[in-house]
Every structure is written in C-alpha cells, then in structure tokens.
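# A structural walkthrough
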Amino acid sequence: MKPNFSLRLRVFNLNCWSIPYLSKHRVDRMKRLGDFLNMESFDLALLEEVWSEQDFQYLRQKLLPTYPAAHYFRSGIIGSGLCVFSKHPIQELTQHVYTLNGYPYMVNHGDWFCGKAVGLLVLHLSGLVLNAYVTHLHAEYSRHKDIYLAHRVAQAWELAHFIHHTSKKADVVLLCGDLNLHPKDLGCRLLKEWTGLHDAYLETRDFKGSEEGCTMVPENCYVSQRELGPFPCGIRIDYVLYKAVSGFYISCKTLKTTTGHDPHSGTPLSDHEALMATLCVRHSPPQDNPSPTHGPAERTPLISVLREAWRELDLGAAQAHWWATFAGYVTGVGLLLLAVLCALAAGGGVREVAILLWTPSVGLVLGAGAVHLFHVQEAKSLCRVRAELQHVLGRSREAQNLGPESQPALLLEHLERDRAEDQ
C-alpha cells in the first residue's frame, strides 16, 4: 500500500419498511429503491426491515449488474430484515443475533419474532480491510413508559462487544443501521464510548438534508405524528458511524439525507429517511489518528455511562425476577387447581364441572409456565450483561491508578449508592 494511499467510499443506508401485506406501496417503493441504487452506484448499500425474502431476491436481480455481491441475514421466525449489496467482493460474512429482543407475548409489537441481529461483512479494498456492520435494534414504542429500555441497552452492549471483538484485524470499521436510539440516549452513548465510533452527522464537513439530520420527519406521508411523540420536528434514530485504526485517518466528506420524499419522484422510499455518506480514508501518522486502536479508552465519560447502564440493567433484572416469580406462583396455583379437578372428577359428584374447567386450567399452567421460563431466561441474560459491565467498570477504575485492594470495595460502594438513589 502506497504512503499516499487514499480511498473514497460511498455508503447508502435505509430502513425500508418492507412488511408484506402491511406496508403501504411496498412493491412500488422496492422498485423505485432498486432504480435509485442503480442510478447512484454506491460502494455499499445496507438495508433494514426487508422482511420479505422475495423483496430481497427482487432487489438482488435488479441490482446484480451494479452490485454483484449481496447477502440476506436470516434469523428468528420472520427474519432479521437485514441485507447488504456491494460493488466489491465480500470476503467474509457472519452475524450475531441479540440475546434479548422483547417479549413473545407482545404479539402486536412483533420484535421477538424477528430475531433482531447485527450482520458483518468484510471487504478488501485496495489492500485495506473494511469491516462493515448493519443492524436494527428493538423499537421504542413509548418514550415515557419504555418497557424495552433494558433490552435495548443490552443490545447496544452486545453490539459494541461484537464490534470490538470482530474488528481487531480491520483497518476501518463502519456501522450503519436503525438503532432506535436518539443521539443522547443511554444505548447510543454506551455504543460510542465503548467502540470509539464517530457519528457521520456530527463529523461531516458538508451536510444536506432534513433539519438536525432527522431520519423520521413529519413531512413524510408515511409517518404519523403519534410515532414522533414529543418530537414534532422529527427524530434521528438511523446512523452512519465509523472509525479507523492506527495508521489510517477517516473522515466524512459529505452526508445527505432524503427529506420526506424520493429525490427523483417525490414519493418517499420509506417511512425512514435514507442516509448517503461519502467517506474518505487516507494514511495518517498514529499520533494524528483520532480513533482508539484497541476499543475503549479509560475515560471518565466511559465510566459514567457504564455505571448508568449498570443501573438500568439492574432495574431490568429485578423486574424480570419479579415477573418470573409471579408467573411461577400462577403456575403452582394452576397445578393445584388441576389436582383438585382430578379429585372432583374421580369422585363423580361434580364431574361435568371438573371436565369443563380442565381445558382452561391446563392452558393456565402451560401459559404461566412458558412466561415463567421466558422471564427466568431474561433475568439471567440481563444479569450476564450486568456482570460484564461490572467487570469493565472495575478494569477502568484500575486503569485510573486505583489500587487493586481498594478498587472492588470502591466499585461496590458506587454501585450500591446508585441503586439507593434510584429507589
């Protein structure tokens, strides 16, 4: 690789809102999306919410001359909805399905059935190794009463951990997707602090698009004011994040978003706005490289956000334990009721009533038992993530010249004080 090496990378990201039978004008929008991608000829197109594999196959055939490499990430019952199209050969592919992804009994939300995940593709561009990630985190259905906050924080941590452990041989790291997180939300801050990723909207030299970079705007005919909640001007939940390792420097030359309509036809491509970034990579002396070389840096903001995440996961784990215990008691009551019904049926006195109540009692036991097992698994997963955060907190404090003997006691003191403040 030459000392004056430079590379320009054009990236497209869009949450396509392609839900069969539910999304409006889905077929027409997929057709216009394919036309637009062929016309613009990006290096990479990373898409979310392509829930129909038929839509992916349609796009793959349509885009084949311009984007010869493509992949659809399959997971869950419905699918992850993630897919990528690349002008360059894809060297490696893998994915990670998030451990926590909502509740199976919240059928109206549906996230649990989707198998939300993060997909990774590795590209070799003129001798440079690029790790590109595409993801879609759990949706936020209520800003004021967010029952999925702990799940989304856990997903942000798993995403950051996955990037940290899979990008050690990469020269450039790129993350695109619908994070369902506002810029100042806990999960977004945790992701950025741990990975050292930079936000293209905040770093770009030239931005053109919707106000404050919002990716869901009221001007879009597919977006209702109810979806925007307390943000009538729009929300920014879709991102292009990036960083380079030692020896390279990466910058965002331009960033564009659509503004509630297709740049050519006027009709929106989706209920989300598309992101189009032009990234420039060049050689740089290690001391001039703004990105960390090996993941997190031991900084006070990192410790602060780790403590905040620990508290949120602690609250989530406590709630999961409560629901598991409650469902366990209901299961026990159901089993006791079944035993009583069996005795009554055997006695013959009220046999008809016992038989009539048998089916709902069995349903109660099976339903409550399934809820109990799910929340036990949820509690264990939250406790696992919480333990990982606690370990990182301890190591971060050690890096700030705290003695190994005083560090555990001080860490426990801080965490217990935080828990007392929350209560």
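Placed above this text is the structure.
Residues numbered from 1 in each chain as written. Predicted model: local features only at pLDDT ≥ 70, side-chain atom pairs only at ≥ 80, totals over all residues. Heavy atoms only, no water.

### Quick word on the overall build of the protein chain
Helix and strand counts for the protein chain come out as 10 helices and 13 strands. Here the protein chain, with 423 residues, has 52% of them falling under the buried criterion. A separation of at least 24 residues holds for 74% of the contacts in the protein chain among residues at least 6 apart in sequence. Of the roughly 19,500 Å² of accessible surface on the protein chain, a fraction of 57% belongs to carbon and sulfur atoms. (Helix = DSSP H or I, 4+ residues; strand = E, 2+ residues; numbered from the N terminus. Buried < 20%, exposed > 50% of the residue type's maximum accessible area, 1.4 Å probe, protein only. Contact = heavy atoms within 4.5 Å. Areas by Shrake-Rupley, 256 points an atom, 1.4 Å probe, with all protein chains shown as cover.)

### Notes on helix α4 (residues 149-166)
Its 18 residues give α4 an end-to-end C-alpha distance of 26 Å, which sits within 8% of 26 Å, the value for a rise of 1.5 Å per residue. Here α4 lies mainly inside the structure; 14 of its 18 residues are buried. (Expected span 1.5 Å × (residues − 1).)

### Digging into the sheet that holds strand β3 (residues 69-73)
Strand order in the open sheet formed by 7 strands is β3-β4-β2-β1-β13-β12-β10, with mixed pairing between adjacent strands. Each end of this open sheet is capped by a strand with a single partner; those strands are β3 and β10 (207-208). Two strands pair when backbone bridges link them, and strand β1 (residues 6-18) and strand β2 (residues 44-50) are joined in this way by 6 bridges, in the parallel orientation. Across the sheet, residue Asn15 finds its bridge partner in β2, namely Glu48. Contacts from helix α1 (residues 26-40) reach β1, β2 and β13 (275-283) within the one sheet, and its direction differs from that of β1 by about 175 degrees. (Pairing = 2+ DSSP bridges. Axes fitted to C-alpha atoms, helices over the stretch in contact; angles between N-to-C directions.)

### Quick look at the sheet that holds strand β9 (residues 198-199)
Strand order in the open sheet formed by 6 strands is β5-β6-β7-β8-β11-β9, with mixed pairing between adjacent strands. The outermost strands of the open sheet, each flanked by one partner alone, are β5 (90-97) and β9. Across the sheet, helix α5 (residues 186-195) is in contact with β8 (172-178), β9 and β11 (238-244); its angle to β11 comes to roughly 10 degrees.

### Concerning the packing of aromatic side chains
What the rule picks out here adds up to 17 aromatic pairs. When the centroid spacing of 5.1 Å and the interplanar angle of 90 degrees are considered together, the rings of Trp112 and Phe113 count as edge-to-face. Classification of Trp112 as partly exposed rests on a relative accessible area of 35%. Here the aromatic cluster, defined as three or more aromatic residues joined through ring pairs, consists of Tyr103, Tyr105, Tyr141, Tyr148 and Phe374. (Phe/Tyr/Trp six-rings, centres within 6.5 Å; stacked < 30°, edge-to-face > 60°.)

### Observations regarding α5
In terms of burial, α5 is a largely internal element, 8 of the 10 residues being buried. Among all positions in α5, only Leu186, Gly187, Cys188, Leu190, Leu191, Lys192, Trp194 and Thr195 are buried.

### A short note on the packing of α4 against α5
Interhelical geometry of α4 versus α5 gives an angle of 15 degrees and a closest axis separation of 9 Å. With respect to each other, α4 and α5 are oriented roughly parallel. Viewed along their axes, α4 and α5 form a crossing whose handedness is right-handed. Between α4 and α5, the residues in contact are Val153, Ala156, Trp157, Leu159, Ala160, His161, Ile163 and His164 and Leu186, Gly187, Leu190, Leu191, Trp194 and Thr195, respectively. For the contact of α4 with α5, the class distribution of residues is 10 nonpolar, 4 polar and no charged. (Parallel < 35°, antiparallel > 145°, perpendicular 65-115°, else oblique. Left-handed = near helix turned anticlockwise from the far one by under 90°. Nonpolar A, V, L, I, M, F, W, Y, C, P; charged D, E, K, R; others polar.)

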